[in-house]
Every structure is written in structure tokens, then in C-alpha cells.
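Coordinate inspection notes
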Amino acid sequence: MSTNGLPSSAQAVVIGAGIVGNSMLYHLSRLGWTDLVLLEKGPLPNPGGSTGHASNFIFPVDHSKEMTTLTTESARQYVELGVSVTSGGVEVARTKERMEELNRRMSSAVSWGEEGCELLTPDEVLERVPFINKDVVLGGFYTPRVTVVDPLRAGTLMREYAQERGASVSASTEVTAVDVERNCVRRVHTDKGTVEADYVFIACGVWSPRVARMAGASIPLTPAVHQMISVGPIPLFEQTSGEIEYPIVRDVDTNMYERQNGSDMEVGSYAHRPILIDADDIPSNEEAALSPTELPFTSEDFDPQLEQALELFPEILTVEGAGIRHAINGLLSLTPDGMPMLGETEVKNLWSVAAVWIKEGPGIAKAVAEWVVEGAPETDLHSADVSRFYPHQRTKRHVDARSSEGYNRTYGIVHPMEQWLSNREVRLSPFYEREKQLGATFYETAGWERPWWYESNEPLLEEYGDRVMPREAEWESRWWSPIINAEHLAMRDRVALIDVSAFAVFDVVGAGALDYLQRMALAEMDVDVGRVVYTSILDERGCFKADLTIMRLDDGLFRIVTGGLDGPRDRKWFGARGRGTCSRP
């Protein structure tokens, strides 16, 4: 123990005491790691991060099974901790297109096992939300298990659990540097002393990129503004008990949500212009008027959304005596693809647990703790793996461009094949100009502009006729062309030239290459030179991590070819298992 009360060493240091950092401390403790240190630059229990100003509700249904699973697990933990209130929630539709999307959300709910969901008529919406203007909506999607939670109380309970088992907590402690030796994280320097550490977890939300840079690593996210106001007092709400009785409403066609908070109504917006902040420009606790992540409100950005909220809730938002009692530009974390940043970074034993929201925080911490302690998480986290990005996708230009584009898609109707518009034409194959001449429609794969079909092949539609199997429904035929099917048929009947520049390629070289790949691959790798083996790669639980091809080019030279989208993840997987472990000198 150092003289200032900060331990001189620990098995793991967790940086950040928002819901994510507290959850990491809790779940590492539950899995038997007790030599832990939690560092937080702000005061406790509310250190001034995004956890302190979040609206704290959980809608469990998502089109992503991965995110639905993590959210459901988080909701379970909040209930277990006694910090959860069930309110139910309604997503309302103002357009026919949105009603079709709500039908798809109903399908996702059924697919992922979320019970009790219903599609509602306007009258049924009014039955559940008696103060809504039903004339504005065409219907709604009701989820009974929508909850409101207290993440600050949950964090306190989690910290106390870990502390009872030996963890140390140091608040008002600023991290000043992170040391790395031989690409292994070694120690964390603070304004109160230094902690030697085997593992470091960066769980400090909007500050995560700054801390990662201290270690020479990158966490590609950006802090961004989310506007929210609180209107009150509202007499109808004053007659209720507790924080919330009425269902939360997501007015998804306007990118807004509205929820009761005691005697007030909170109105939050994802519809205003994207407002990005650099992590280094976030004010300190001392400089901030409210908290570091609650910036001054810019009403001109919110005024159009306020009019839409008044249209949906004219009776309660215009009631005599009610006014805007609180208004903030609250900071949250955005990423280039909207998913969290989880997993080991470029630096061994330095882990990212960032870009995580209240609704999935405890579930993600449980999964990451399993990943570290047991070798693999019970929930597949590949879509959120921090190693999924290529170098060009980690640049500020790319992060800012995609995060800005994605912000207004938060409640958007997003087709699975819908393409990003920003920061395109970053990686072009040698055949790009010729492909353009042939009328290629390009979709992006890991930055590559990849032909999806060629207008020059339109005559194939007449040649193959009904065999093309056109798609009748608008949704399934969106971001698609029947030329694709015709090209497949022509390739079967004749021959085709395919541009595979987007595939990722890396080599395993050296005297131990064969033995290494025998351990890594499920298939037999001791094959003749010149053979190509298609094989599965399994994780420590025996679950599929990847499927790819490995070519034996020489006795000590193997070439791995994998999908362009999976390239960084697979390269990280192989590299991390070829470097050995980090041990203290």
C-alpha cells in the first residue's frame, strides 16, 4: 500500500466509476478477481459522467440479437439490485412507413423471445397514454417490460459488493499516464500515485479515447451532444406516486422520446444537428457549471423538436404553470457504426469497455468479465469488438463523419443493406474505373468500394426470365436489384470474373507456423504445399469465432484469407495468440 492510500499494485485497474466501470468491478469480483482498483476523477456517487444525466429507461427490443441479449441481461441485473421500476413503453408511428417498421419490430420481439408485445391502434395507444394526441399517430408498438432504472444507486451497490471482497476505490483521482512495455500494459499513473497492474479496463465513456491515447491505443468514438429538457410541474403527474406510472413514449418519426419523471416530463431529442465534442475539450469538474458532461443548452437546436412534442402532448406540456425547469446538452458516446467498443485494444491486457449506454451496461460488463477471466463471453460480442476497425476507420475524419451521419438514425428506419454516405471511396481496387464504366453499383465493405451488380448486365434479365426470381415486396427489394440473381445464373452457366480485392490477407511465417496453426484451426493443417484448406476457428468455449481459408505456400509459410469485414478481428485473434502472455518482470 502506498502512503496516500492508493494501492501500489493490483491485478486489474478499472478507470471510470459510471455504470460501466462499477459493473466491471462487480462482475470481475463475482468471477473471483478481488485484487482490484477503481479509479474515478470525479466525486462519488455521481462523478459527473454520462451516467449522471441519462434518462435511464430501457427498451429491450432491438433488431440486433446481440444488443437485445445484452439489454435483457442488464434489465435482469437492475431488477436483482432492486433499482428498477416497470413502466411499459410505446413507440408511436406518424407514418405508414413507420407502422411497417413497427411490424418488423414485432417480428424481432417474437424472434428474440420478448413476450407480451403488441401492435396498437391509435385508440389503444390512448388507453395506455391518456394524455397523448391520438390524431397525430397511426398506431404504436407496446412493450410491457420497458423499465426505468437508477444507475447511480446500482453503481453504488456494485462498488460496495466489490469492496467487501477486497477491491479499492479511489475517487477524485485523475489518471495522468498509462505505461506500456513490450506492448503489455504495466502501470497507471495518477495525481495520487502509481498502480502497477496486470490488466487495465478503460470504462470512462466520453473520456475513453483520451485515456487510450496515453497507452498508444485507440478507441474510435466521439463525445456528442444529446439534448433534453424537463417540463413541469404537470398536475396529472403530481397525482401519481413514485418516479413514473405512465408508459414511456418514443416518438420515433421525430427522433424524440418523452417520459414522466416525477411531476415533470422529460423530452429528449436525437433530431437536432450532430454536435460533436473532442474529448480533450470537455470541461473539468471544477470548470463545469453543472457537470462535465452537461453542457449549456442551445435552444435554437431544440425549438423545432419542442413544437413536435407540443403537437403530440398539447394538454400536459401547455398546462398552466408548467415550464422548462431543466435543459441540457448532455454528452454521450457515438461510434462510426453505432455499436459499443469492447475488447482488448492494440495493447495487450488493455481493454476497452466504452460507448456503452445505461440500458446495456451491466450485461456488457458481465460479458467482458467472462471474456477476460474465462477466455470467451457467453454472449457473442463480435459486432461490438473494438478490433473490428481498420486504421482508416479509426481516424478522426472517419469517426466524426460516420458518427454525425448515424446520430439522426438513432430511431431511424434503417434497412440491413442500407449504405453509409459519408467518407466513401477510401479504398479502391485496381479495377474500379473499369467497374464504373460497366455501370457498377458499389456497396462498401470495410472501406472498399465493392461492385454489387452491373447495369451493363441488365440484358441478362430477359435471357433468364422467370428464373431470376424477382422480389415483390418493397422492403426486401430495397437496396437490391434482380440483376444480381441474373448474374448468379450466368456465372453458373458460363464463367465470371469477380473482384475480391476486399478480402483480408495476412501471413503466418516461421519455423513454428505449422504447430501454431494446428492449435488455431479446426481442420488438419499439415497438408502438401500448394493446398488450400477451408476451416473453422473456435474460441475457448468451442464456439465459432471465424471461418476462413488457409493456404500452405511453403513449409514455414501459410497465408490466411478472410472476409474484408472480419479482417481486423481475425488478424487480432491470430496475433494475440501468437505473442505469448504478459507477466510482471
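Predicted, not measured: the structure shown is a model, and the values here were computed from it.

Some points on the pattern of salt bridges
Per the stated rule, a full pass over the model turns up 39 salt bridges. Between Glu181 and Arg187 there is a salt bridge; the shortest N-O distance is 3.0 Å. Among the residues examined, Glu181 registers a relative accessible area of 31% and is labelled partly exposed. Since its relative accessible area comes to 16%, Arg187 is described here as buried. In this structure, a network of salt bridges that share partners links the residues Asp179, Glu181, Arg186, Arg187 and Glu196.

Quick look at the sheet that holds strand β24 (residues 532-538)
Taken in spatial order, the four strands make up an open sheet running β23-β26-β25-β24, and their pairing is antiparallel. Two strands bound the open sheet, and with one partner strand each, they are β23 (504-509) and β24. Neighbour-to-neighbour, the strand axes of this sheet turn through a mean angle of 30 degrees, independent of strand direction. Alignment of strand β25 (residues 544-554) against strand β26 (residues 557-562), held across five bridges, turns out to be antiparallel. Across the sheet, residue Thr549 finds its bridge partner in β26, namely Val561. Its contacts with the sheet put helix α17 (residues 567-576) on β23, β24, β25 and β26, and the angle it makes with β23 is roughly 15 degrees.

Here we look at a nonpolar patch on the surface
Taken together, the side chains of Met491, Ile498, Val500 and Phe503 present a nonpolar region at the surface, about 340 Å² in accessible area. Counting through the fold element by element, Met491 comes out in helix α15 (residues 482-493).

Here's the deal with the nonpolar core
Counting residues in each nonpolar core, the largest one holds 38 residues, and the members touching the most others are Met24, Phe201, Leu342, Val353 and Val368. Secondary-structure elements contributing two or more residues to this core are β1 (9-15), α1 (19-30), β2 (36-39), α2 (65-81), α5 (151-164), β20 (350-354) and α10 (361-374). Here this core takes seven residues from α10, the largest share from any one element. Among all residues touching Leu342, those that are not within four sequence positions of it are Ser352, Val353, Ala354, Val356, Ile364, Val368, Trp371, Leu381, Ala384, Asp385 and Val386. Of all hydrophobic cores here, the second largest spans 36 residues; its members include Val185, Trp207, Leu295 and Val347.

Some words on unusual backbone geometry
With omega at 15 degrees, the peptide bond leading from Leu44 into Pro45 counts as cis. For Pro45, the position within the fold is in the loop between β2 and β3 (57-58). That bond from Gly232 to Pro233 is cis: its omega, -5 degrees, falls within 30 degrees of zero. Inspection of the secondary structure assignment puts Pro233 in the loop between β13 (222-232) and α7 (235-238). The backbone of Ala446 sits at a positive phi, close to 50 degrees, despite the residue not being glycine. A relative accessible area of 6% places Ala446 in the buried class.

As for the sheet that holds strand β4 (residues 84-86)
Reading across the sheet, the three strands line up as β3-β8-β4 and stay open at both edges, with antiparallel pairing between neighbours. Pairing within the sheet leaves two strands with one partner each, and these edge strands are β3 and β4. Summarising the sheet, β4 and strand β8 (residues 147-149) pair through three bridges and their orientation is antiparallel. Residue pairing in the sheet places Val85 in a bridge with Val148 of β8.

What to know about α15
Over its twelve residues, α15 runs 17 Å from end to end, which matches the ideal 16 Å to within 8%, given 1.5 Å per residue. For α15, the set of buried residues is Ile483, Ile484, Ala486, Glu487, Leu489 and Ala490. Against β22 (448-454) and α13 (459-464) lie the buried residues of α15.

What about the packing of helix α16 (residues 513-520) against α17?
Two quantities define a packed helix pair, namely the angle between the axes and the distance from one axis to the other. Between α16 and α17, the shortest axis-to-axis distance is 11 Å and the interhelical angle comes to 115 degrees. When you trace α16 past α17, the crossing you get is right-handed. Within the contact between the two elements, α16 uses Tyr516, Leu517 and Met520 and α17 uses Trp573, Phe574 and Gly575. Grouping the amino acids of the contact of α16 with α17 by side-chain chemistry returns five nonpolar, one polar and no charged.

Digging into the packing of α1 against α10
At a closest axis distance of 8 Å, the pairing of α1 and α10 adopts a crossing angle of 45 degrees. Between α1 and α10, the angle is such that the two are oblique. Taken as a pair, α1 and α10 cross one another with a handedness that is right-handed. The segment α1 lies against α10, with Ile19, Val20, Ser23, Met24, His27 and Leu28 engaging Gly361, Pro362, Ala365, Lys366, Val368, Ala369 and Val373. Looking at the contact of α1 with α10 residue by residue, the classes come out as nine nonpolar, three polar and one charged.

Conventions adopted
- Residues numbered from 1 in each chain as written.
- Predicted model: local features only at pLDDT ≥ 70, side-chain atom pairs only at ≥ 80, totals over all residues.
- Heavy atoms only, no water.
- Salt bridge = Lys/Arg side-chain N within 4 Å of Asp/Glu carboxyl O.
- Buried < 20%, exposed > 50% of the residue type's maximum accessible area, 1.4 Å probe, protein only.
- Pairing = 2+ DSSP bridges.
- Helix = DSSP H or I, 4+ residues; strand = E, 2+ residues; numbered from the N terminus.
- Axes fitted to C-alpha atoms, helices over the stretch in contact; angles between N-to-C directions.
- Contact = heavy atoms within 4.5 Å.
- Patch = residues over 30% accessible without salt bridge, like charges linked within 9 Å, V, L, I, M, F, W, Y side chains within 5 Å.
- Areas by Shrake-Rupley, 256 points an atom, 1.4 Å probe, with all protein chains shown as cover.
- Core = buried A, V, L, I, M, F, W, Y, C linked by side-chain atoms within 4.5 Å.
- Expected span 1.5 Å × (residues − 1).
- Left-handed = near helix turned anticlockwise from the far one by under 90°.
- Nonpolar A, V, L, I, M, F, W, Y, C, P; charged D, E, K, R; others polar.
- Parallel < 35°, antiparallel > 145°, perpendicular 65-115°, else oblique.

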